[in-house]
Amino acid sequence: MSDKTYPPSAEFSANAHIDAARYKDMYAASINDPDAFWGEQGKRIDWIKPYTQVKDVNYDFGNVSINWYADGTLNVSANCIDRHLANRGDQTAIIWEPDDPNDAARHITYRELHENTCRMANVLRDLGVGKGDRVVLYLPMIPEAAYAMLACARIGAIHSIVFAGFSPDALGARINGSDAKVVITADEAPRGGRKTALKSNTDAALLHCDDRVKCLVVKRTGGQTTWTDRDYDCTALMSAAATECTPEEMNAEDPLFILYTSGSTGQPKGVVHTSGGYLVYAAMTQELVFDYHDGDVYWCTADVGWVTGHSYIVYGPLANGATTLMFEGVPTFPDASRFWQVCEKHKVNQFYTAPTALRALMGQGNSFVEKCDLSDLKVLGTVGEPINPEAWNWYNEVVGKGRCPIVDTWWQTETGGHLMTPLPGATATKPGSCTLPFFGVQPVILEPTTGAEITTTEAEGVLCIKDSWPGQMRTVYGDHERFEKTYFSDYKGYYFTGDGCRRDADGYYWITGRVDDVINVSGHRMGTAEVESALVAHAKVAEAAVVGYPHDIKGQGIYAYVTLMNGVEPTEELRKELEKWVRTEIGPIAKPDLIQWAPGLPKTRSGKIMRRILRKIAENDYGALGDTSTLAEPAVVDDLIENRMNRS
Ligand code: WT7
């Protein structure tokens, strides 16, 4: 093998669900006969009416349709809760660790999860929510977020979670975009010792929504909120509600949730996941990728506002009857040992986080890790962006003490679950590679311009997936045409991921980053067009172009070139004002790291902004601008280079 590899220890493999030989056999079986393979795997979950069909998929542009287990019926909430009650009613389902380490953690058993989910489901039903209705969740990382997700699933409503870091504008757009009947929020969200006023953000968002939208408010801090006619006290209603609620019988292809994600255009799209295939895939990957065993304590540090939180805090682990830890806080509060203290306190066995968090913690020094007892850790995972070998090695040596396999899981909001990842007992890892495909997944590397498949082992190009897997998104909410156009039109007959990728001589995959105008900032996905539309919405901005640039901690930072309206003076004050503007338009995660005043932007004679050049300047790599012969005004580029903001 090329590169340094880290095979699992013989001892780990012997006790793992999947070892190398079994991976090989099962992978071959999954590709040779997907119907038989997934027909068998579908039995991981309980069906009300068993399916007789397994896979029914058409990737032909113009007729794309994706169906799994299409004639089966089930309820996702019953799968995540009720079916565990007989054998593990008293087992902890969710460990909740609050923002402030001095506040008590909570252990919620499966029985309590059942009771609380039923209460919440009854509250929603009383508000008139039924099968197929949309409910927006804008919540802190509190158990009520899980109850709300599962309550929606129980009554057949479709949830759409909006990350609590998003602005009122972004929230309002998502409430309107899904035509939601109810928004569930909380008074305030404590995070890192500070509080976000979720209820007042929601009030601001609802100013732009239909009057009939109702607002359910969970009490988290007890902080002061204003109360209007459409507000309902969720905490009070839940304590008065019945503790039983019959689960709705849902079709496998009924939508479970919508989750908005960024693409290369200004408008985020509502990714739709359905019930049966999604749950099978989330459950299977959670068990096998983390090698989860009964009794283990598993912790994914993501927020439920992202797909990682959906599949790997709530649905996957709970479908498996696991104990899943939910953390309200941040890695650096009260100090940089918080993650490791939580691991020690709750004896965490599997730990799953993002490279950006690891890089930030690595920079604080090893003592924060070394003072904690991490001997219960068995598997370490990463997700969200490529992990640089330095951070990988630190994770392996300092956190894992060289004895915990690392699973670098590559996937997307669209894929529902992991597509390429090591299996900890089976796969020798290489720092920075997501290694090999999961069962049933067929990655292909295409020549970007011709779309021809590169069939040599060593290859580099765009990453597509041949054929479907059960966790795949089914459509863009309300816009199937956009779904087909985004994922199935550039490379006919394949699912196009938007990522570039290299395959090495051992057949290992290395993600090289997005090939579209999507950037990845601290593992958060953002369309450069979204930040641009926010900037140009400001009265003093004439034009804006946004690109990513390498950032030590965030992976990519946001670099904005801004052309001001005629006569407007570029000042430090205006720079601050624009930063604040973007925060309010989208949210803190979209705030530009660098703003360069650009007298003009490099354009072709037809007026198209040459982003390639802007990217190079932002990367401080202006010596290699490539072909600039099509520029309308070459002098613009000299000015941009002269005044570039990133000189590292
Ligand atoms: C994009 C998807 C899937 C949950 C979190 C992000 C990048 C994700 C990895 C990884 C290299 C990765 C890709 C992908 N990405 N995981 N392990 N190695 N890149 O979900 O917001 O939908 O973003 O994140 O570029 O396309 P998302």
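On a predicted model such as this, the values are computed, not experimentally measured, just so you know. (Residues numbered from 1 in each chain as written. Predicted model: local features only at pLDDT ≥ 70, side-chain atom pairs only at ≥ 80, totals over all residues.)

**Some details on the overall build of the chain**
Rule in force here: Helix and strand definitions follow DSSP, with helices as H or I runs of at least four residues and strands as E runs of at least two, each counted in order from the N terminus. Residue burial is a threshold on neighbouring C-beta atoms within 10 Å of the residue's own C-beta, all placed from the backbone, with 20 or more meaning buried, 12 or fewer meaning exposed, and counts in between meaning partly exposed.
A tally of regular secondary structure across the chain gives 20 helices and 30 strands. Judged by the C-alpha coordinates and their principal axes, the chain covers about 75 × 65 × 55 Å. Put simply, the chain has 648 residues, and 54% of those count as buried.

**Topic: the sheet that holds strand β24 (residues 494-503)**
For the record, the criterion: One bridge is not enough; two strands pair if DSSP finds at least two bridges between them. Each axis is a line fitted through C-alpha atoms, and for a helix only the stretch in contact is used; angles between axes span 0 to 180 degrees, taken between their N-to-C directions.
Strand order across the open sheet formed by 4 strands is β21-β22-β24-β25, with antiparallel pairing between neighbours. Edge positions in the sheet fall to β21 (442-446) and β25 (509-514), since each of these pairs with one other strand and no more. The average angle at which neighbouring strand axes cross in this sheet is 45°, direction not considered.

**Quick notes on the domain arrangement of the chain**
The condition is simple: Reported domain spans reflect what an automatic or database domain assignment gives. Any two residues are considered in contact once their C-beta atoms, placed from the backbone, lie within 7 Å. Amino acid classes used here: Ala, Val, Leu, Ile, Met, Phe, Trp, Tyr, Cys and Pro are nonpolar; Asp, Glu, Lys and Arg are charged; the rest, including Gly, are polar.
Entries for the chain in the domain assignment read domain 1 (10-42 + 92-443) and domain 2 (522-643). Facing the 19 residues of domain 1 at the interface are 18 residues of domain 2. Breaking the side of domain 1 that touches domain 2 down by element, the ones donating at least two residues are α7 (168-177) and α13 (355-362). Per-class residue counts for the side of domain 1 that touches domain 2 are 6 nonpolar, 10 polar and 3 charged.

**What about the pairing of strand β4 (residues 92-97)?**
Counting buried residues along β4, 6 of its 6 residues qualify, which places the element largely inside the surrounding structure. Pairing of β4 with strand β5 (residues 106-109), which is carried by 4 bridges, proceeds in the antiparallel orientation. Residue pairing in the sheet places Thr92 in a bridge with Thr109 of β5. Relative to strand β17 (residues 323-327), β4 runs parallel, the two sharing 4 bridges. Looking at β17, one finds that Ile94 is bridged to Thr324.

**A few points about the UniProt feature "binding site: CoA" (unreviewed entry) in the chain**
Quick note on the threshold: UniProt positions are given in the numbering used here, feature names are shortened, and annotations may be inferred rather than shown by experiment.
The residues that UniProt annotates with the feature "binding site: CoA" (unreviewed entry) are Arg191, Gly192, Gly193, Arg194, Thr308, Ser522 and Arg583. Taking the farthest pair of C-alpha atoms as the criterion, the annotated set spanning 393 residues is dispersed, since that pair is 23.9 Å apart. Structurally, the position occupied by Gly192 is in the loop between β9 (189-191) and β10 (194-196). Residue Gly192 is classed as partly exposed on the basis of its 15 C-beta neighbours within 10 Å. Leave out the neighbours within four places in its chain, and Gly192 touches Asp99, Gly329, Val330 and Phe333. Following the sequence through the fold, Arg194 ends up in strand β10.

**Details of the UniProt feature "binding site: ATP" (unreviewed entry) in the chain**
In this numbering, the UniProt entry assigns the feature "binding site: ATP" (unreviewed entry) to Gly384, Glu385, Pro386, Asp408, Thr409, Trp410, Trp411, Gln412, Thr413, Asp499, Arg514 and Arg525. Here Glu385 falls in the buried class, since 22 other C-beta atoms lie within 10 Å of it. Note that Asp408 resides in strand β20 (residues 406-409). C-beta crowding within 10 Å serves as the criterion here: with 26 such atoms nearby, Asp408 is assigned to the buried category. In this structure, Asp408 is in contact with Thr382, Ile387, Thr421, Pro422, Ser433 and Cys434, ignoring residues within four places of it in sequence.

**Concerning the sheet that holds strand β8 (residues 182-186)**
The strand order across the open sheet built from 8 strands is β12-β11-β8-β6-β7-β14-β15-β23, with neighbouring strands paired in mixed fashion. Strand pairing shows two members of the sheet lacking a second neighbour, β12 (231-233) and β23 (475-476), which therefore form its edges. Against the sheet, α7 contacts β6 (134-138), β7 (158-161), β8, β14 (255-261) and β15 (269-274), and its axis sits at roughly 165° relative to β6. Contacting β6, β8 and β11 (214-218), helix α8 (residues 198-206) runs over the sheet at an angle of about 155° to β8.

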